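The chain contents come next:
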Amino acid sequence: MNRLHGADLARFLAFVGMVLVNFRLVAEVSSGSDIGSLITDNLEGRAAALFVILAGVGASLGKPAWHLALRRALFLFVIGMLNMLIFDADILHFYALYFIVAVAFMRKSSNWLLLGAAGFTLTGFVAQLVLNFDTGWNWHTLGYVDFWTIEGFLRHSLFNGWHPVFPWAAFLLWGMWLGRLKLGRWTVQIGMVLGGALLAIATHKASAALISDPKIGALMSTDPVPAGPLYMLASGATAVAVLGALLLITPLLLALPLIRRLCDAMIVAGRQTLTHYVAHILIGMGTLEALGRLDGSLQPIQIFWISIAYCAFAALFSWLWSHKFKRGPLEATMRLITEGKT
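Throughout what follows, the structure given in this document is the object of discussion. Keep in mind the model is a prediction, meaning the values are calculated, not measured. (Residues numbered from 1 in each chain as written. Predicted model: local features only at pLDDT ≥ 70, side-chain atom pairs only at ≥ 80, totals over all residues. Heavy atoms only, no water.)

1. Topic: the environment of leucine 233
Reasoning step 1: Residue position: leucine 233 is located in helix H10 (residues 229-254).
Reasoning step 2: Measuring from C-alpha to C-alpha, the distance between leucine 233 and histidine 5 comes to 25 Å, with 228 residues separating the pair along the chain.
Reasoning step 3: Residue contacts for leucine 233: discarding those within four places in its chain leaves Trp174, Leu199 and Thr203. (Helix = DSSP H or I, 4+ residues; strand = E, 2+ residues; numbered from the N terminus. Contact = heavy atoms within 4.5 Å.)

And the structure:
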C-alpha cells in the first residue's frame, strides 16, 4: 500500500490539537467565549483520542514484529517517564503500555480487536463505578500526589490518570481494526465519514438524555475525565470521521499547486510527531516559562494564537529537516536504539 498522506496530515492536526490543549493547561488560562476557546474546548480529549487511534492504524499498516513493538514500547516508556518529571500530563508512557496491549492482539482477528476495545472500555467503566476516581488527585493543582510510588503509578496508569489503559487502550485496538480496512478506497473513506459522524451525533444525544440521571450521570458525559463509555464512543467516532475525511480530501489538496507546499509541510511534520510532542514541552512550554507567561496572565485568544504559531514553526522545521534527513530527530534515535539502523 502506498503511504496514506491523509493519515500523516491527520496526525499533524491531532498534534496541533494537543498543543492547543496543553499550552492552555500549563498557562493556567481559563476558557473564554472567543473562537479560540471554542476550538480548544472541542479538541480537549478528542485530539489525543485521534492521536492514539492513528497509532493503532500505523501498527496494523506497519505490522512490526512483537519484539520490535516491545522495544519501541520500552523506548517510549523511558522518554515518557523522563517527561513526567516536567509535565504531569505526558502521554508517551501511556503509549508504551498501549503497545504492550497491542502485542497481545497483533495476531488476533479483526473481531477480537473490536471485542478487546469493548472489553477495555467496559472494564474502565466498571472500575469508575466501584472505585474512587479521585484517589491520588489534587484537583486544585492538577497534581497526582503519589505517582512515584508503585501503588500510585499502577493506579494512575491503569485506572485514573490522564489517559489510563482502562479504557484508553481501546482507542489503539480500534485503530488497529481500522488499519485492516482498505483505507485507500474512497468507498471506505466515505463510509468512515458518514458512519463516524452519525455515531458521534447519536452518542452526544444519548449523553444529553442520560447525564441528568443522579446515579450515573457523571459517567454518561462525553468529557474526557473520567473517560466514560460515551466519551470513548463519541471521541472514537469523531476520530474515524476526521480520518476518513482527510484520507478523502488530501489527494485533492495535493493536486492544487498553491496548497500542496503547505500540505507537504504538515504531512512531513505528521511523520515526526514524536519529536514535536517532546519539543512542544521542552521548547514551547520552556519558552513560555522563561518569558514568565505561565502565570495566568495570557488571554485565551493569545494562548490560542501562540499555539498556532508554534505549530506553524514545527511544520516549517520538519519541512526544512526533511530536505536532509528521512526521519525526525527522535524518530531516528528510536530506530537506531530499537533496530540498530539509521
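There's more to say after this.
2. A word on the environment of leucine 50
Reasoning step 1: Relative to the elements of secondary structure, leucine 50 occurs in helix H3 (residues 46-62).
Reasoning step 2: For the pair leucine 50 and alanine 237, spaced 187 residues apart in the sequence, the C-alpha separation amounts to 9.5 Å.
Reasoning step 3: Not counting the four nearest positions on each side in its chain, leucine 50 is found in contact with Ala10, Ala14, Ala239 and Val242.

3. As for a nonpolar patch on the surface
Reasoning step 1: Together, Leu74, Val78, Leu82, Leu85, Ile86, Trp148, Leu282 and Ile283 make up an exposed nonpolar region whose accessible area comes to about 870 Å².
Reasoning step 2: Taken together, the elements giving at least two residues each to the nonpolar patch come down to helix H4 (66-84) and helix H12 (273-290).
Reasoning step 3: Broken down by element, the residue count for the nonpolar patch peaks at three residues, all from H4.
Reasoning step 4: Here leucine 85 shows up in the loop between H4 and helix H5 (92-105). (Patch = residues over 30% accessible without salt bridge, like charges linked within 9 Å, V, L, I, M, F, W, Y side chains within 5 Å. Areas by Shrake-Rupley, 256 points an atom, 1.4 Å probe, with all protein chains shown as cover. Salt bridge = Lys/Arg side-chain N within 4 Å of Asp/Glu carboxyl O.)

4. Section: a positive patch on the surface
Reasoning step 1: The grouping of Lys63, Arg180, Lys182 and Arg185 at the surface amounts to a positive patch.
Reasoning step 2: Tracing the chain through its elements places lysine 63 in the loop between H3 and H4. (Lys, Arg positive; Asp, Glu negative; His and termini not counted. Charge placed at Lys NZ, Arg CZ, Asp CG, Glu CD.)

5. Section: the state of the cysteines
Reasoning step 1: In the structure shown here, the tally under the stated rule is zero disulfides.
Reasoning step 2: Free cysteine cysteine 263: the closest other cysteine sulfur is in cysteine 311, separated by 16 Å. (Disulfide = S-S within 2.5 Å.)

6. Re unusual backbone geometry
Reasoning step 1: Here phenylalanine 166 and proline 167 are connected by a cis peptide whose omega angle stands at 20°.
Reasoning step 2: Following the sequence through the fold, proline 167 ends up in helix H8 (residues 165-179).
Reasoning step 3: At the junction of valine 225 and proline 226, the peptide bond is cis and its omega measures out at -5° in the coordinates.
Reasoning step 4: The residue proline 226 is located in the loop between helix H9 (186-210) and H10 in this model.
Reasoning step 5: A positive phi angle, close to 55°, is found at glutamate 28, a residue other than glycine.
Reasoning step 6: Non-glycine residue leucine 142 carries a positive phi angle of around 60°.
Reasoning step 7: Mapping leucine 142 onto the fold places it in the loop between strand E1 (137-138) and strand E2 (143-144).

7. Concerning the side chain of histidine 156
Reasoning step 1: The residue histidine 156 is located in helix H7 (residues 150-160) in this model.
Reasoning step 2: Residue contacts for histidine 156: discarding those within four places in its chain leaves His93, Phe94, Tyr144, Phe147, Gly161, Trp162 and Pro164.

8. Description of the nonpolar core
Reasoning step 1: The biggest cluster of nonpolar side chains holds 98 residues, and the ones touching the most others in it are Tyr95, Tyr98 and Phe99.
Reasoning step 2: No other element matches the twelve residues that helix H1 (residues 5-26) contributes to this core.
Reasoning step 3: In this structure phenylalanine 99 touches Ala55, Ala59, Ala73, Leu76 and Leu172, once residues within four positions along its chain are discounted. (Core = buried A, V, L, I, M, F, W, Y, C linked by side-chain atoms within 4.5 Å. Buried < 20%, exposed > 50% of the residue type's maximum accessible area, 1.4 Å probe, protein only.)

9. Considerations on the packing of H12 against helix H14 (residues 329-339)
Reasoning step 1: Relative to each other, H12 and H14 sit at 120°, their axes nearing to 6 Å. Considering their axes alone, H12 and H14 lie oblique with respect to each other. Contacts from Thr273, Leu274, Thr275 and Val278 of H12 reach H14 at Pro329, Leu330, Glu331 and Met334.
Reasoning step 2: When its residues are assigned to classes, the contact of H12 with H14 shows five nonpolar, two polar and one charged. (Axes fitted to C-alpha atoms, helices over the stretch in contact; angles between N-to-C directions. Parallel < 35°, antiparallel > 145°, perpendicular 65-115°, else oblique. Nonpolar A, V, L, I, M, F, W, Y, C, P; charged D, E, K, R; others polar.)

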